[in-house]
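Okay, here's what each chain looks like letter by letter:
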Amino acid sequence: MQRIIKSRDLIADIEKILSEIKYDKLFVLTDEHTAKLCLPMLVTIAAIKDAGRVVIPANDTNKTLENLSHIWKRLTGNGATRHSLLINLGGGMITDIGGFAAATFKRGIKYINIPTTLLGAVDAAVGGKTGINFEGFKNEIGAFYPAEYVFISSHFFSTLDREDILSGFSEMLKHALINTEAEWEKLLAFDTGNIDYGWLTEAISRSVSIKEQIVEKDPFEHNIRKALNLGHTIGHAFESFALETGKPVLHGYAVAWGLISELYLSHRICGFPKDKLQETVRFIHRNYGALAISCDDYEHLYEIMKHDKKNASASFINFTLLSDIGNIQINQTADKELIFQSLDFYRDSVGL
């Protein structure tokens, strides 16, 4: 099981862990952006300064088999062995593809995640899910393979723009919805136009703890870990659809829009309170705008959902829903007609 280090002194904490882990060669994976913006902040650490470098293009569209192959080739070409260590320094794309590269190279090498985005810190880097996109489907190929350590630090967050902050914040909102009403109320009070980084750091720590507790109970997603899928079945369909149309959206934005539809399903199927649905929808609409879809897109979105790994059958789509905040209802199903109604609700909610 991976160890989460909520770091207040990132340099000192990384140095300490690297001195304790046994490895023969160290490699650092970044994308082109984090290579320029984030890696220089860590090169005072001698081991990282001397490490092998692997760089791939930025953005989730590059979480591909071709770039996975590039990582393998760089490791092989620079003499990596089963005893080597890989550090993934970047956002969710880097920790996803880097974790999968580690899981599959030499049948598995150790790795460390150092997320540089809010989304990476509260979601992708934690929990051991790794993978790549394939044939237009999000995270279609992957493995459960936890990092040795995940460093959660606000060291890099002040460099993020508002959109990247919001992308991560939607996962925090999801964590609040599956946890407590008190946490949900705190997050809905967040002023996204005037970001208080001190407040945000404390909220991140609570959010990571929520996910960590769930993953510890169910590391391979047989039961309660499915709670973390709230908003993701329809959210991933939105994300894949946007990618297909050549207008990719940030993962967290797709999840936020997915929450609108899936909380509607929660209301219809499980009795989720209408006032809490409306309050959450208002926050999302106010801060996340909208992905433009029409009724003509519903069939295709439904086909994408059928490919989702959480899918139950060809006739019904599997969802994690809520009967109230913190009252999780896993393995819920909805038919095509009700899913289309949830897409209608999404479009009405965001003014399409």
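Preceding this paragraph is the structure being described.
So, a few notes on the structure that sits alongside this text. (Residues numbered from 1 in each chain as written. Predicted model: local features only at pLDDT ≥ 70, side-chain atom pairs only at ≥ 80, totals over all residues. Heavy atoms only, no water.)

**Brief notes about the environment of Asp191**
Part 1: Mapped onto the fold, Asp191 is located in the loop between α8 (181–188) and α9 (197–217).
Part 2: Here the alpha-carbon distance between Asp191 and Ile45, two residues 146 residues apart in the chain, equals 36 Å.
Part 3: A distance of 3.0 Å separates a polar side-chain atom of Asp191 from the backbone nitrogen of Gly193. (Helix = DSSP H or I, 4+ residues; strand = E, 2+ residues; numbered from the N terminus. Polar contact = N/O pair within 3.5 Å; in protein donor to acceptor, adjacent residues only side chain to side chain.)

**With respect to helix α10 (residues 232–244)**
Part 1: Compared with an ideal rise of 1.5 Å per residue, which puts 13 residues at 18 Å, α10 spans 18 Å between its outermost C-alpha atoms and is within 8% of the ideal.
Part 2: Among the 13 residues in α10, eleven count as buried, and that is most of the element.
Part 3: The complete set of buried residues in α10 reads His232, Thr233, Ile234, Gly235, His236, Ala237, Phe238, Glu239, Ser240, Phe241 and Ala242.
Part 4: Packed against the buried residues of α10 are β7 (137–144), α7 (162–177), α11 (251–270), α13 (298–306), β9 (317–324) and α14 (336–349).
Part 5: Positive phi shows up at Gly246, right after α10, with a value of about 80°. (Expected span 1.5 Å × (residues − 1). Buried < 20%, exposed > 50% of the residue type's maximum accessible area, 1.4 Å probe, protein only. Contact = heavy atoms within 4.5 Å.)

**A closer look at the sheet that holds strand β8 (residues 149–152)**
Part 1: The strand order across the open sheet formed by six strands is β1-β8-β5-β4-β2-β3, and the pairing between neighbours is parallel. Because the sheet does not close on itself, it has two edges, and the strands there are β1 (3–6) and β3 (52–56). Averaged over all neighbouring strand pairs, the angle between strand axes comes to 20°, with direction disregarded.
Part 2: Where strand β4 (residues 85–90) meets strand β5 (residues 110–115), six bridges bridge the pair, whose relative direction is parallel. Across the sheet, the residue bridging to Leu85 is Lys110, located in β5.
Part 3: Those strands touched by helix α5 (residues 92–104) are β2 (26–31), β3, β4 and β5, and its axis lies near 165° from that of β4.
Part 4: Its contacts with the sheet place α9 against β1 and β8, and it is angled at close to 170° to β1. (Pairing = 2+ DSSP bridges. Axes fitted to C-alpha atoms, helices over the stretch in contact; angles between N-to-C directions.)

**Let's talk about the environment of Ala35**
Part 1: Mapped onto the elements of the fold, Ala35 is located in helix α2 (residues 32–37).
Part 2: For Ala35 and Asp24, which are eleven residues apart along the polypeptide, the C-alpha to C-alpha distance reads 23 Å.
Part 3: Residues in contact with Ala35, not counting those within four places in the same chain, are Thr30, Pro40 and Val55.

**Topic: the packing of α10 against α11**
Part 1: Between α10 and α11, the least distance of the axes is 7 Å, while the angle of their chain directions is 135°. Looking at the two axes, α10 sits oblique to α11. Both α10 and α11 take part in a crossing whose hand is right-handed. Listed contacts from α11 to His232, Thr233, Ile234, Gly235, His236, Phe238 and Glu239 of α10 are His251, Ala254, Val255, Trp257, Gly258, Ser261, Glu262 and Leu265. (Parallel < 35°, antiparallel > 145°, perpendicular 65-115°, else oblique. Left-handed = near helix turned anticlockwise from the far one by under 90°.)

**Observations concerning the pattern of salt bridges**
Part 1: Scanning the entire structure with this criterion turns up 14 salt bridges.
Part 2: Residue Asp60 is joined to Lys138 by a salt bridge in which the shortest nitrogen-to-oxygen separation is 3.0 Å. With a gap of 78 residues between them, Asp60 in the loop between β3 and α4 (65–77) and Lys138 in strand β7 connect regions that are remote in the sequence.
Part 3: Judged by its relative accessible area of 24%, Asp60 is partly exposed.
Part 4: Measuring nitrogen to oxygen at the nearest pair gives 2.8 Å for the salt bridge that ties Lys174 to Glu171. Here the residue Lys174 and the residue Glu171 both occupy positions in helix α7, the gap between them amounting to three residues, near one helical turn.
Part 5: Assessed through its relative accessible area of 0%, Glu171 is described here as buried.
Part 6: Each of the salt bridges in this network shares a partner with another, and the network as a whole consists of Asp60, Lys63, Asp96, Lys138 and Glu239. (Salt bridge = Lys/Arg side-chain N within 4 Å of Asp/Glu carboxyl O.)

**Observations concerning the packing of aromatic side chains**
Part 1: Enumeration according to the criterion identifies eleven aromatic pairs in this entry.
Part 2: Residues Tyr264 and Phe345 carry aromatic rings whose centres are separated by 4.8 Å and whose planes lie at 20° to one another, so their mutual orientation is stacked. Of this pair, Tyr264 sits in helix α11 while Phe345 sits in helix α14, and the two are 81 residues apart along the sequence.
Part 3: Look at Phe345 and you get partly exposed, because its relative accessible area is 21%.
Part 4: Here Tyr302 and Phe340 contribute two aromatic rings whose centre-to-centre distance is 6.2 Å and whose plane-to-plane angle is 90°, an arrangement assigned as edge-to-face. Taken together, the positions of Tyr302 in helix α13 and Phe340 in helix α14 put the pair 38 residues apart, joining distant regions of the chain. Grouping residues by exposure puts Tyr302 and Phe340 together as buried. (Phe/Tyr/Trp six-rings, centres within 6.5 Å; stacked < 30°, edge-to-face > 60°.)

**Quick word on the nonpolar core**
Part 1: Formed by 94 residues in total, the largest nonpolar core has its most connected members in Leu177 and Phe238.
Part 2: Broken down by element, the residue count for this core peaks at eleven residues, all from α11.
Part 3: The residues touching Phe238, leaving out its near neighbours within four places in the chain, are Ala254, Trp257, Gly258, Leu291, Ile293, Leu301, Leu343 and Tyr346.
Part 4: Ile14, Val28, Leu42 and Ile45 belong to the second largest nonpolar core, which has 22 residues in total. (Core = buried A, V, L, I, M, F, W, Y, C linked by side-chain atoms within 4.5 Å.)

**What to know about the layout of surface pockets**
Part 1: Computed from the structure, the second largest pocket encloses a volume of approximately 180 Å³.
Part 2: Forming the boundary of the second largest pocket are Lys6, Ser7, Arg8, Ile152, Ser153, Ser154, Phe157, Thr201, Glu202, Ile204 and Ser205.
Part 3: Per element, the largest residue contribution to the lining of the second largest pocket is four residues, and it comes from α9.
Part 4: A per-class count over the lining of the second largest pocket returns three nonpolar, five polar and three charged. (1 Å grid on protein atoms, 1.4 Å probe; cavity = no way out; pocket = protein on both sides within 12 Å on 5 of 7 lines; lining within 4 Å. Points joined across faces, edges and corners; volume = space filled by probe spheres on them. Nonpolar A, V, L, I, M, F, W, Y, C, P; charged D, E, K, R; others polar.)

Honestly, it's all geometry; don't read function into it.
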